[in-house]
Amino acid sequence: MNKAEFENLVENWVTQFIESDDNLTLCKTFKNTNLAKISHPILDQMSTAKLCDFNCDFVLLVKEKTGEYRLIFINRFPKSIGLKDIGEMLIYAKIAKPLYALLISLNGHSSEINNMVTNNQISAPLFQYDTNKSIILFALNNNGVQKDSILPLNSRDFFIAKF
Amino acid sequence: MKINTSIAYLVGLITGKGYIEENNQISIEFPFVNKYIEGIAHCPVCGYLATKPSGSDLLKCKNLTCINSKVAKLDSNLKKIYDQPEAFNKSIRNEIVPFLESGIDFSFNFVSNSTCTFLTLKLDSILHTYLKELFDPAISFTSTSIPSEMWNIQEDEKIELINGLLDSIGFANAGGWIPRDGLNGHGRMRIYFQVINRNYKLPVSIDNYLRGNFNLPIQTIDWGHPNIRDGNLADYLQGKKSAYGREHQVKFYPEYYQQFKFRISSKQALFQELLQHNLDVGFSDKEDWFPNAVKEIPVNKIKATHPMEQNPMLDSKVRTHVDALWQVNLKMGCSFVKSLQDQAANKELFEITGISNDILEPQTKIDLFRKISNQKKLDILENRLSTKKTVQKSKGKELEIDTYPVLVKWLEQYIYQQTGEDSFSFDTSSQTLFHFFSTLKDDVGSFSESYIDLENLSIRPDIVGFTRQNKDFYFIESKITSLGLKELGQIIGYCYVANPKEALLVTTKEISSPLIKAVARNREIIKYGDGKEVKFGKLNMSKAQIDLVEL
């Protein structure tokens, strides 16, 4: 699968993911866009959006049933996801506290983090960006989300229940 | 603890690729390098082995009298292809876990990616404590061996222990054949256990166990020792000083191992293919390295002295010169070679030369071996010098790698200023952590623990510094672009996992305003460990100086 095909796959999956959540409505998808540098009627009203002086591969603007607008961050990788990639998303997510921060790859995580993914002491702070909120990492292919690839482990059941 | 076949199998898995963790957890890594692995191809005309010549997509028959041996024209579809991630996941879920559950109570988790599946078991505290004590002081496969208690278990349990080793570090690979002629064909297939280089104990432990309990032959042990892997210094002279440090491989012929099985289906299918090939071709020689390989070492087999043979990353028992695999086995505790040594007239003479009988002036013979090794090294180096060409450095724009030597020197001075301690600093682009420690002349001492921690975590920032006296280490991540949030994110991941004493993010350019603003608003983003913060610096290359910047 080439990069463009994978990008389409990610975009289609995330659209379905949001559509399947009765609580959410997708307002707009920003691709590789620095939200702090654009003018948008909804983003302009969101204090967190102005903090997003960085580029994620996808940022989704969604509206919750309560009427509140939230952001979803997604970085996608045709390669395996390593520590640097998690650290990068951790910074973005700590700044803007998105509804979800997702790292999606064809291959899942890199073997370099095998040792630490099952060690909650290491993996919890590495993935956690807010109270009860963690970055979620997983492999996605034409068969959908590979459930065994979902990290961190303590978020797996929660995330599986979402789709 | 009453052992059963499930526990014995788990002991095999841990010995091969296990981590004994806290909280009653055990994790097992099941690695597979490639998504697909190919089986064997046989020529449709004569049935001989067909292989792919270099650079060709088609196959050629190995039978020189066959019409298909002239040019590569056989379709590679003759080979079966196995999807490893699928096979591993299904087998672990449907075979391995149920088998473990038949004798052990546990809950479990899978984590998988494109190169391995990681199985984590949560055991009851009694079994976890038993396993911890069984392997003590080892807590991972980097230093495990088959526990001595496992020599006293039942036959079916011993078989399951080996099955566990096969599933974790056993590999059946169609490319692992050796050129041998059989009754009906060519090429003899081998299976192997692959052991991480740091663990010198396990190959001998496996050899002793298979030989001692099952009387099984081992074709060879391919040691990742400088004299064995790089006997003519070829890798060393190409600058690949740690190339010898690839995994050890314990190789055996499948026809003698039919009582064992892989539970991972792709491995088992390949095992069956390789086995059937050997049975069809018909080989009668066991080719056991013991005792056949243990004999006087001929002069032409004496290896050149290798500059890495004393390096501190080798197990201290083999931090020496060797000329043959059995010498490593002897030093690592092979009871079988030891029995031959005990019968030898002169034990030191036997150990160095392989000579068992009494000879006149044994010390002269020993000295001759050493002299020949040293002379071979000198000859190789002299030959190298006469053929070495001057390589001109190409001029170009500044690269990140150009900053590394400056940063290495700066970090050593910085650590000294901060702590009053000498340090070892190096850049990970020019060498791995393993290589760095391999080239140290000093005893790695206390900081080897830090090295092992980092090596286990596969942490690789641009520059790493270690203090000599304690376990403290320092990271520098270097950039030749301005520093932004992305760059901060790249070092913070390492910091969360490894918790260095200090971490510096350094640039030859500027610190971007988004980063400055973000830190001003939320200082939490640069924090790690127990309140430590990533530091920022601007590198002045001409002055070889870093100006630390307060954000």
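For every chain, the first residue of its written sequence is number 1, and the numbers climb from 1 along that sequence. Think of it this way: whatever chain is written first is A, whatever ligand is written first is 1, and the rest follow in order. This being a predicted model, a pLDDT of at least 70 is required before a residue's local features are given, and a value of 80 or more before pairs of side-chain atoms are given or counted; all residues contribute to the totals for chains, interfaces and linings.

**Student:** Sorry, what's going on with the overall build of chain B here?
**Tutor:** Strands here are runs of E lasting at least two residues and helices are runs of H or I lasting at least four, both read from the DSSP assignment and numbered beginning at the N terminus. Of regular secondary structure, chain B possesses 18 helices and 23 strands. The reference for a compact globule is 2.2 Å times residues^0.38; the radius of gyration itself is calculated from the C-alpha atoms. Expected size for 551 residues packed as a compact globule is a radius of gyration near 24 Å; at 27 Å, chain B falls within 12% of this value. Seen through its C-alpha atoms, chain B measures out along the principal axes to roughly 75 × 60 × 55 Å. Comment: burial labels come from other C-beta atoms within 10 Å of the residue's own C-beta, placed from the backbone, where a count of 20 or more is buried, 12 or fewer is exposed, and between is partly exposed. Residues counted as buried form 44% of the 551 residues belonging to chain B.

**Student:** Can you walk me through the overall build of chain A in this structure?
**Tutor:** Each helix and strand in chain A was counted, giving five helices and eight strands. Ordering the α and β elements of chain A from the N terminus gives α-β-β-β-α-β-α-α-β-β-β-β-α. Dimensions of chain A, computed from C-alpha atoms along their principal axes, come out at roughly 45 × 30 × 30 Å. By residue count, 45% of the 163 residues in chain A fall in the buried class. Contacts spanning at least 24 positions in sequence make up 61% of the contacts within chain A whose residues lie at least 6 apart. For the purpose of contact definition, each residue receives a C-beta atom placed from its backbone, and two residues are in contact when these atoms lie within 7 Å.

**Student:** How do you make sense of the interface of chain B and chain A when you look at a structure like this?
**Tutor:** Frequently, the measure chosen for interface size is the accessible area removed from exposure when the parts meet. Each partner contributes residues to the interface: chain B has 36 residues there, and chain A has 35 residues. Here the element with the most residues in the side of chain B that touches chain A is helix H17 (residues 485-498) of chain B; it accounts for 11 residues. Under the scheme applied here, ten amino acids are nonpolar (Ala, Val, Leu, Ile, Met, Phe, Trp, Tyr, Cys and Pro), four are charged (Asp, Glu, Lys and Arg), and all others, including Gly, are polar. When grouped by side-chain class, the residues that make up the side of chain B that touches chain A number 16 nonpolar, 15 polar and five charged.

**Student:** I'm lost on the pairing of strand E8 (residues 144-151) of chain A in this one. Help?
**Tutor:** A regular strand places its side chains so that they alternate between the two faces of the sheet. Residue and element names in this part refer to chain A. One requirement defines pairing of two strands: DSSP has to find at least two bridges between them. Where strand E7 (residues 136-141) and E8 come together, four bridges link them in antiparallel fashion. Within E8, the position partnered with Ala 139 by the bridge is Gln 146. Hairpin geometry of E7 and E8 is characterised by an intervening segment of two residues between the two adjacent antiparallel strands.

**Student:** Please explain the sheet that holds strand E4 (residues 41-42) of chain B as it appears in this structure.
**Tutor:** The pairing of strands in a sheet happens through backbone hydrogen bonds and is either parallel or antiparallel. Residue and element names in this part refer to chain B. The sheet built from three strands is open, its strands ordered E4-E5-E6 with antiparallel pairing. Two strands in the sheet have a free side with no partner beyond their single neighbour: E4 and strand E6 (60-61). As paired strands, E4 and strand E5 (residues 49-51) are joined by two bridges and run antiparallel to one another. Looking at E5, one finds that His 42 is bridged to Leu 49.

**Student:** Help me understand the environment of B:Ile380, please; the structure alone is not making it clear to me.
**Tutor:** All names here are of chain B. Looking at the element boundaries, Ile 380 is found in helix H13 (residues 362-387). For the pair Ile 380 and Leu 275, spaced 105 residues apart in the sequence, the C-alpha separation amounts to 41 Å. Residues contacting Ile 380, with those up to four places away along its chain left out, are Asn 232, Leu 233 and Ala 304.

**Student:** Looking at this structure, how should I read the sheet that holds strand E10 (residues 170-172) of chain B?
**Tutor:** Residues and elements named next belong to chain B. One open sheet holds the four strands; their spatial order is E10-E13-E15-E14, and the pairing between them is antiparallel. What marks the edges here is a single partner per strand, and that holds for E10 and strand E14 (220-222). Shown here is a sheet whose adjacent strand axes are inclined to one another by a mean of 25 degrees, direction ignored. Here an angle of 0 to 180 degrees is reported between the N-to-C directions of two axes, which are lines fitted to C-alpha atoms, with helices fitted over the stretch in contact. Against the sheet, helix H8 (residues 265-281) engages E10 and strand E13 (191-195), with an angle of about 55 degrees to E10.

**Student:** So what exactly am I meant to see when it comes to helix H18 (residues 513-521) of chain B here?
**Tutor:** Two residues of an α-helix separated by three or four positions point the same way, owing to the 3.6 residues in each turn. Taken residue by residue, H18(B) has B:Pro514, B:Leu515, B:Ala518 and B:Val519 as its buried positions. Along the axis of H18(B), the buried positions cluster into a sector of 125 degrees, meaning they face one direction only. Every exposed residue of H18(B) that faces more than 90 degrees away from the buried side is listed here: B:Ser513, B:Ala520 and B:Arg521. Looking at the packing, one finds that the buried side of H18(B) touches helix H2 (83-96) of chain A together with H17 of chain B. The reported arc concerns the directions from the helix axis to the C-beta atoms and nothing else.

**Student:** Looking at this model, I keep getting lost on the pairing of strand E2 (residues 58-64) of chain A. Mind explaining?
**Tutor:** All names here are of chain A. Counting buried positions over the seven residues of E2 gives five, a clear majority of the element. The sheet contact formed by strand E1 (residues 24-31) and E2 spans seven bridges and is antiparallel. From the neighbouring strand, Lys 31 faces E2, where its bridge partner is Phe 58. Alignment of E2 against strand E3 (residues 69-77), held across six bridges, turns out to be antiparallel.

**Student:** Where do I start with unusual backbone geometry in this structure?
**Tutor:** Both trends apply: most residues other than glycine have a negative phi, and most peptide bonds are in trans. Look at the link from A:Leu151 to A:Pro152: it is a cis peptide, with omega at 0 degrees. Looking at where A:Pro152 falls in the secondary structure, it is placed in the loop between E8 and helix H5 (153-160). A cis geometry characterises the amide bond from B:Phe290 onward to B:Pro291, with omega recorded as 0 degrees. Looking at where B:Pro291 falls in the secondary structure, it is placed in helix H9 (residues 289-292). Within the chain, B:Asn23 stands out as a residue other than glycine whose phi angle is a positive 55 degrees. Residue classification places B:Asn23 among the exposed positions, given that 12 C-beta atoms sit within 10 Å. The phi torsion at B:Ala544 lies on the positive side, around 55 degrees, for a residue other than glycine. Note that B:Ala544 resides in the loop between strand E22 (535-540) and strand E23 (545-549).

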